[in-house]
Amino acid sequence: MGRGGPLSLAGRAPPARATAWAGMSRRTGRVCARGRGKWEPPGAPWPQLVSTQSRDWAPSRGPQNVAGRLKCHSLHPGVLIVLILVFFGRQFRPRVPLSSVLRGTGLSPSISRYGFLSPGSQTRESAGMETSVAVGEADGPKIVTLSSRKDVLVLTPWLAPIIWEGTFNIDILNQQFRLQNATVGLTMFAIKKYVVFLKLFLETAEQHFMVGHRVIYYVFTDRPAEVPHVRLAEGRQLVVLTVRNYTRWQDVSMHRMEMISRFAERRFRHEVAYLVCADVDMKFRDHVGVEILTPLFGTLHPAFYASARQAFTYERRPQSRAYIPRDEGDFYYSGAFFGGSVAEVLRLTRACHEAMVADKARGIEAVWHDESHLNKYLLYHKPTKVLSPEYMWDQQLLGWPPVMKKLRHVAVPKNHWEIRNQ
């Protein structure tokens, strides 16, 4: 079910107070480690990164310069910072002016601020750094290539990876995931006429979603007799969960959080290790695998992945539990694709449901319904991975920009009014 803001996947017009999509604009603020997701201007003092109490530390016993013995020194905090920047420097440009980070270290800045995208390298052919490594397999070692991206942001300020094509090697990840012997659950809501999207969703999921791994498809529907028969691979199964419908599509969207939390507690936690929650009016177009799995992930909304925070259509009314002040925010996440471990998804959906119940008691409804509450939750409970818009895209509205090397999960063209109101 579509949701969003400007250039909404639902095709809905934004509220009057929403700002239009600012394409490719840079963010110039930064996250303040001392506030709850609050951003400060680049010139503000940066929190101390390395403790100075151990700067002159040395072992309390033993000679320092005896032949054959190592002389021990502490690592100067400035050197440590430079090492970190060198390690990550080929993958992103720092959001914060480096002069702020290096202030007081005696070192000179040499790297400028970054935006989410590097305008000078937005081509599908942009070169990245590559490294070959050997991965152990049952039939012997296998050489795989690791690559990186220099044209996009690949790390959040809280050090969570942002998943783009070219930032992971699926062979290594698949090998590690198989050691967990885990099953992945995929939830979808096929309420009323949305059941028409179910066949394409499931067929494309069989082609691209967690291929080679155990999957349980959880279909929430009020029309169980209309659930199509789709041939599933070995180790994959479909479970139909009958639920009631609601007159308004907004209510269907908001009650999704309640139903996921209820079943996560009663059933899902006994059957799967991870839950991925997706809209059904989508199709899988390319690989979506274990690279997304983590305790908690959100997906960058395709209309805002290159926008300044001021353009985000957060809930701005203080009366709502989804309220986010204008000087706070990291990214704008899509409500159409999120997930994580069952325990973390349970916490997220329960918190969002309780917030929506509180809003209803006050007679207020968040501007983008459950998506507004999702964004509030992820602002104060940082996701451990962030998925790029490759995992949530609308090609009909947004085309295929060069920075998108793959379109993995895309919206299906539809008449929203007809689908939602019948």
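Here is what the cut-offs are and how they apply
Residues numbered from 1 in each chain as written. Predicted model: local features only at pLDDT ≥ 70, side-chain atom pairs only at ≥ 80, totals over all residues. Heavy atoms only, no water. Axes fitted to C-alpha atoms, helices over the stretch in contact; angles between N-to-C directions. Helix = DSSP H or I, 4+ residues; strand = E, 2+ residues; numbered from the N terminus. Parallel < 35°, antiparallel > 145°, perpendicular 65-115°, else oblique. Left-handed = near helix turned anticlockwise from the far one by under 90°. Contact = heavy atoms within 4.5 Å. Nonpolar A, V, L, I, M, F, W, Y, C, P; charged D, E, K, R; others polar. Pairing = 2+ DSSP bridges. Expected span 1.5 Å × (residues − 1). Buried < 20%, exposed > 50% of the residue type's maximum accessible area, 1.4 Å probe, protein only. Phe/Tyr/Trp six-rings, centres within 6.5 Å; stacked < 30°, edge-to-face > 60°. Lys NZ or Arg CZ within 6 Å of the ring centre and 35° of its normal. Core = buried A, V, L, I, M, F, W, Y, C linked by side-chain atoms within 4.5 Å. pLDDT = per-residue confidence, 0-100.

**Details of the packing of helix H6 (residues 342-362) against helix H7 (residues 370-380)**
- Packing of H6 against H7 leaves a shortest axis separation of 9 Å and a crossing angle of 125 degrees. One finds that H6 runs oblique with respect to H7. Our pair here, H6 against H7, has a crossing hand that is right-handed. For the pair H6 and H7, the contacting residues are Glu344, Arg347, Leu348, Ala351, Cys352, Ala355, Met356 and Asp359 in the first and Asp370, His373, Leu374, Tyr377 and Leu378 in the second.
- Here the contact of H6 with H7 is built from residues that sort into eight nonpolar, one polar and four charged.

**Some points on the sheet that holds strand S5 (residues 162-163)**
- Spatial ordering of the open sheet is given by S5-S13-S11-S12-S9-S6-S7-S8, a layout of eight strands whose pairing is mixed. Two strands bound the open sheet, and with one partner strand each, they are S5 and strand S8 (236-242).
- In terms of strand pairing, strand S7 (residues 214-221) meets S8 through seven bridges, oriented parallel. Among the inter-strand pairings, Thr221 is bridged to a residue of S8, identified as Thr242.
- H6 contacts strand S9 (274-278), strand S11 (296-299) and strand S12 (337-341) of the sheet and is inclined by roughly 125 degrees relative to S12.

**Side note on H6**
- Under the 1.5 Å per step criterion, the end-to-end length of H6 is 30 Å for 21 residues, consistent within 8% with the ideal 30 Å.
- Immediately beyond the C-terminal end of H6, within one or two residues, lies Gly363, with a positive phi of roughly 75 degrees.

**A few points about the environment of Tyr194**
- Here Tyr194 lies in the loop between strand S6 (183-190) and helix H4 (198-208).
- The class of Tyr194 is buried, set by a relative accessible area of 5%.
- For the pair formed by Tyr194 and Asp281, sequence separation is 87 residues and the distance between their alpha carbons is 7.0 Å.

**Brief notes about the packing of aromatic side chains**
- One pass over the structure, following the stated rule, counts 18 aromatic pairs.
- For the pair Phe304 and Tyr332, a centre-to-centre distance of 4.9 Å together with 55 degrees between the ring planes defines the contact as tilted. A residue pair is termed long-range when its members are at least 10 positions apart, and Phe304 in the loop between S11 and S12 and Tyr332 in the loop between S11 and S12 qualify at 28 residues. Assigned by exposure class, Phe304 and Tyr332 land together as buried.
- What links up through ring pairs into an aromatic cluster is the set Phe189, Tyr218, Phe220, Phe263 and Phe268.
- Over the aromatic face of Trp158 sits the side chain of Lys382, whose NZ or CZ is 4.9 Å from the ring centroid.

**Some remarks on the nonpolar core**
- One finds Trp164, Tyr218, Phe220, Phe268, Leu275, Tyr305 and Leu348 to be the most contacted residues of the largest nonpolar core, which totals 48 residues.
- Every element with two or more residues in this core is listed here: S7, S8, helix H5 (249-271), S9, H6 and H7.
- Ranked by residue count, the leading element in this core is H5, at eight residues.
- In this view, Tyr218 contacts Gly185, Leu186, Thr187, Met188, Val239, Leu241, Arg267, Phe268, Glu271, Val272 and Leu275; residues no more than four positions away in its chain are not counted.
- Counting residues in hydrophobic clusters, the runner-up holds 40 residues, among them Leu186, Ala190, Phe197 and Val227.

**Quick notes on the confidence of the model for the protein**
- For the protein, per-residue confidence averages 76 on the pLDDT scale, and 63% of positions sit at 70 or higher.
- This model gives residues 5-74 a pLDDT under 50, and the stretch forms 151 contacts once residues within four places in sequence are excluded.
- The low-confidence segment residues 89-115 (pLDDT under 50) makes 65 contacts with residues lying over four places distant or belonging to another chain.

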